[in-house]
Amino acid sequence: MGPEKQALDTRVETALTEGRTIDLGIPAKQCLMENKMDPCAIVIVGASGDLTGRKILPALFNLFINGGLPDPFLIVGCSRTQMSDQAFRDKMKDAVMQFQDLDNSKWPEFARCLYYRSIDYHNLESFTELAEFLRDLDERFKTNGNRIFYLAIPPTLYRPVSELIGRAGLAEEGEQNNGWSRIVVEKPFGRDLETAIDLDRSIHEHFQEHQIFRIDHYLAKETVQNVLMFRFANSIFEPIWNRRYIEYVRITAAESIGVEHRAGYYEQTGVLRDMFQNHMMQLLAMTAMDPPSLFEADQVRDEKIRVFRSLRPFPVDKLNDYLILGQYGPGEINGEKVPGYREEPEVSSDSLIPTFAMMKIFLDNWRWQGVPFFLTSGKRLAEKLTEIVIQFKEVPHSMFRQTLDEHITANRLILRIYPDEKIILTFQTKNPGAKVCLRSVTMNFNYLQNYTGPVMEAYEKVLIDCMSGDQMLFWRQDGVELCWSFLTPILVECETCGDRAEMLYPYTGGTWGPEPFHKLWQSQMTEPG
Ligand code: BG6
């Protein structure tokens, strides 16, 4: 026996004694960026806002530290606030320093890529001056006229700002501008079907589809991407991934945070627009789609579209049977008192905005006919938990019925996205001992197990893909419209019906949501011991 084989056997033995699973020790390929990226400038519109400091800049800085940015590379912050380049660098430094795991010694070098320009979001001249400013930077730093415009602004500004970017000639690509131009639009893309179509039409006046990147950061989460690898790079799951074997699917994105300082935005959106129209629908599509013939942006997105097309129109006349809405009241999280939604700063004291929703939906297609999908998301719940649960059917026939009076718990597969990135399979085994009795056990795979390479945060992945022009993890407009077509009638009914207030169940902050949901949740949540 060679020393390698011996070492492997020892590892397997130790793992078995410790009750852990182990992979076969085949070194994981380090999945770093493969292609060299074009030099470019990223123009962050809304640079003094929350998203820039909390997500975009830390992501860019981390990419810089790991050698994941093109060279040369520039960041140009733009917003209404008057600020010098230095003031912008200081502000961004403060934001980034909050993340203690980042290597701050690299900041001075990174800060040299940062520039700032104040702009008026409604003034063409301001944008033509920005164009001039960008051209100067291009010449100085040789970024070849390649630009990304990242709209980190309130959704009401997407339309006017994208239009002025276009009118200032900044959307043009090719010889004259000597580079490419891309626009990144955050969610929500519109607030219903009509406004989404309208926004798209307006952006398309200056940008073509290949230039438009509609973000959904959930898609860029490692474990969400892994759903497709798990399903389609293994042959054993697909044959059982259908109505014959699956009882129901539960997709949950629970949060313990409240609305924080985003009341202005949230009062206009609520949980259905904030989480369902985008993240929840994408999780649903990844779970339910058929395998594309090639792992390529449009083929993957085509398959997702087929899922959205199969969404059974929501029975709006029986809303209460399929939808539970809630709003958090005061409560306690981790021993600390937390205010109710209506007591949060800038929230109206009689707000009817839902902060929680559980939706039961069906897909009308061959694979999923009759299988309910329970989609749940809410703020100020007991803990932050994101997962996809595949609940399998019970065994068709219990040959143990003579010896066991207990009910045999069906298998369950959990694709855990947060807090731990895991795949958990529960199954039945015999309890050791003379008596015949069953024991539910779990087999766990931790996503980072035996991996030592760099880990990418969702926003880093989104930025990398945008710099490389890869639209796989971005929404395509047909998908946006299909999801709005599904949700708009629900929103209309919820927002206009006479018993709107009665439909909104209050729940105590820090619990698992409103009472009617609670019962359903508990019946599904019973985990094996
Ligand atoms: C955002 C929503 O898109 O996603 C927020 O606007 C929500 O309301 C957030 O808190 C959740 O993202 P994550 O990655 O923390 O699960």
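What counts as what
Residues numbered from 1 in each chain as written. Predicted model: local features only at pLDDT ≥ 70, side-chain atom pairs only at ≥ 80, totals over all residues. Heavy atoms only, no water. Helix = DSSP H or I, 4+ residues; strand = E, 2+ residues; numbered from the N terminus. Contact = heavy atoms within 4.5 Å. Areas by Shrake-Rupley, 256 points an atom, 1.4 Å probe, with all protein chains shown as cover. Near = heavy atom within 4 Å. Polar contact = N/O pair within 3.5 Å; in protein donor to acceptor, adjacent residues only side chain to side chain. Nonpolar A, V, L, I, M, F, W, Y, C, P; charged D, E, K, R; others polar. Axes fitted to C-alpha atoms, helices over the stretch in contact; angles between N-to-C directions. Parallel < 35°, antiparallel > 145°, perpendicular 65-115°, else oblique. Left-handed = near helix turned anticlockwise from the far one by under 90°. Patch = residues over 30% accessible without salt bridge, like charges linked within 9 Å, V, L, I, M, F, W, Y side chains within 5 Å. Salt bridge = Lys/Arg side-chain N within 4 Å of Asp/Glu carboxyl O. Lys, Arg positive; Asp, Glu negative; His and termini not counted. Charge placed at Lys NZ, Arg CZ, Asp CG, Glu CD. Buried < 20%, exposed > 50% of the residue type's maximum accessible area, 1.4 Å probe, protein only. Core = buried A, V, L, I, M, F, W, Y, C linked by side-chain atoms within 4.5 Å. Phe/Tyr/Trp six-rings, centres within 6.5 Å; stacked < 30°, edge-to-face > 60°. Lys NZ or Arg CZ within 6 Å of the ring centre and 35° of its normal. Pairing = 2+ DSSP bridges.

Some points on the overall build of the protein
Helix and strand content of the protein: 15 helices and 16 strands. Partitioning the contacts of the protein with sequence separation of at least 6, the portion at a separation of at least 24 is 75%. Of the accessible surface of the protein, which amounts to about 25,100 Å², a share of 51% is contributed by carbon and sulfur atoms.

Re the site of the ligand
Looking at the ligand, the residues that line it are Lys187, His217, Tyr218, Lys221, Glu255, Ile257, Arg262, Tyr265, Asp274, His279, Lys379 and Lys384. In the model, an oxygen atom of the ligand is placed 2.5 Å from a nitrogen or oxygen of the Tyr218 side chain. Computed on the free molecule, the ligand has an accessible area of 400 Å², of which 83% lies beneath the protein chains in the complex. Here the shell around the ligand is composed, by residue class, of 3 nonpolar, 2 polar and 7 charged.

Focus: the packing of helix 10 (residues 297-310) against helix 13 (residues 477-496)
It is the contact of helix 10 with helix 13, at a shortest axis distance of 9 Å, that shows an interaxial angle of 15°. With respect to their mutual orientation, helix 10 and helix 13 come out roughly parallel. The crossing of helix 10 and helix 13 is left-handed. Between helix 10, through Ile305, Phe308 and Arg309, and helix 13, the contact on the second element is made entirely by Asp478, Gly479, Leu482 and Cys483. When the residues that make up the contact of helix 10 with helix 13 are grouped by side-chain class, the tally is 4 nonpolar, 1 polar and 2 charged.

Description of a negative patch on the surface
Taken together, Asp317, Glu493, Asp499 and Glu502 make up a surface patch of like negative charges. Tracing the sequence through the fold places Asp317 in the loop between helix 10 and helix 11 (319-322). When its relative accessible area of 67% is taken as the criterion, Asp317 is described as exposed.

A few points about the pattern of salt bridges
According to the stated counting rule, one finds 29 salt bridges in the structure shown. Arg250 is the partner of Glu387 in a salt bridge, and the nearest nitrogen-oxygen pair spans 3.1 Å. In this pair, Glu387 is assigned in strand 12 (residues 385-392) and Arg250 in strand 7 (residues 246-254), connecting sequence segments 137 residues apart. Residue Glu387 is classed as buried on the basis of its relative accessible area of 1%. For Arg250, a relative accessible area of 1% gives the class buried.

Let's talk about the nonpolar core
Counting 162 residues, the largest nonpolar core has Leu57, Leu60, Phe110, Tyr150, Phe276, Met359 and Phe373 as its most contacted members. The dominant element in this core, judged by the number of residues it contributes, is helix 9 (residues 263-288), at 14 residues. Apart from the residues within four sequence positions on either side, Phe110 is in contact with Leu57, Leu60, Phe61, Phe64, Leu69 and Ile75.

Here we look at the side chain of Ser181
Following the sequence through the fold, Ser181 ends up in strand 5 (residues 181-185). Of the residues examined, Ser181 reaches a relative accessible area of 1% and is grouped as buried. Filtering out sequence-adjacent residues up to four positions away, Ser181 remains in contact with Arg147, Phe149, Leu170, Ala171, Glu172, Glu173, Phe207 and Gln211.

So, the packing of aromatic side chains
Tallying each qualifying case throughout the model produces 19 aromatic pairs. Ring centres of Phe64 and Phe110 lie 5.2 Å apart, and the angle between their planes is 55°; this geometry places the pair in the tilted category. Of this pair, Phe64 sits in helix 2 (residues 50-65) while Phe110 sits in helix 4 (residues 107-111), placing them 46 residues apart in sequence. With a centroid separation of 6.4 Å and 80° between ring planes, the pair formed by Phe445 and Tyr447 is classed as edge-to-face. On the accessibility criterion, Phe445 (29% relative accessible area) is partly exposed. Through successive ring pairs, a cluster of aromatic residues spans Tyr266, Tyr328, Tyr341, Phe356, Tyr507 and Phe517. Directly above the aromatic system of Tyr218 lies the positively charged group of Lys221, at a separation of 4.6 Å from the ring centroid. Taking the ring centre of Tyr322 as reference, the NZ or CZ of Lys360 above it sits at 5.9 Å.

Section: helix 12 (residues 458-468)
In an α-helix, one full turn covers 3.6 residues, which means residues spaced three or four apart are oriented alike. Most of helix 12 sits inside the fold, with 9 of its 11 residues counted as buried. When helix 12 is considered as a whole, its buried residues turn out to be Ala458, Tyr459, Glu460, Val462, Leu463, Ile464, Asp465, Cys466 and Met467. For helix 12, the capping residue at the N-terminal end is Glu457, with a side-chain oxygen 3.1 Å from the backbone nitrogen of Tyr459.

Quick notes on the sheet that holds strand 3 (residues 114-118)
Read from one edge of the open sheet, 6 strands run 3-2-1-4-5-6, paired in parallel fashion. The sheet is open, and its two borders are formed by strand 3 and strand 6 (212-214), each paired with just one other strand. On average, each strand axis in the sheet is tilted by 20° relative to the strand beside it, whichever way the strands run. Where strand 2 (residues 73-79) lies against strand 3, 5 bridges are found, and the strand directions are parallel. Opposite Ser79, over in strand 3, you have Ser118 as the bridge partner. Lying over the sheet, helix 3 (residues 85-97) contacts strand 2 and strand 3, oriented at roughly 115° with respect to strand 3.

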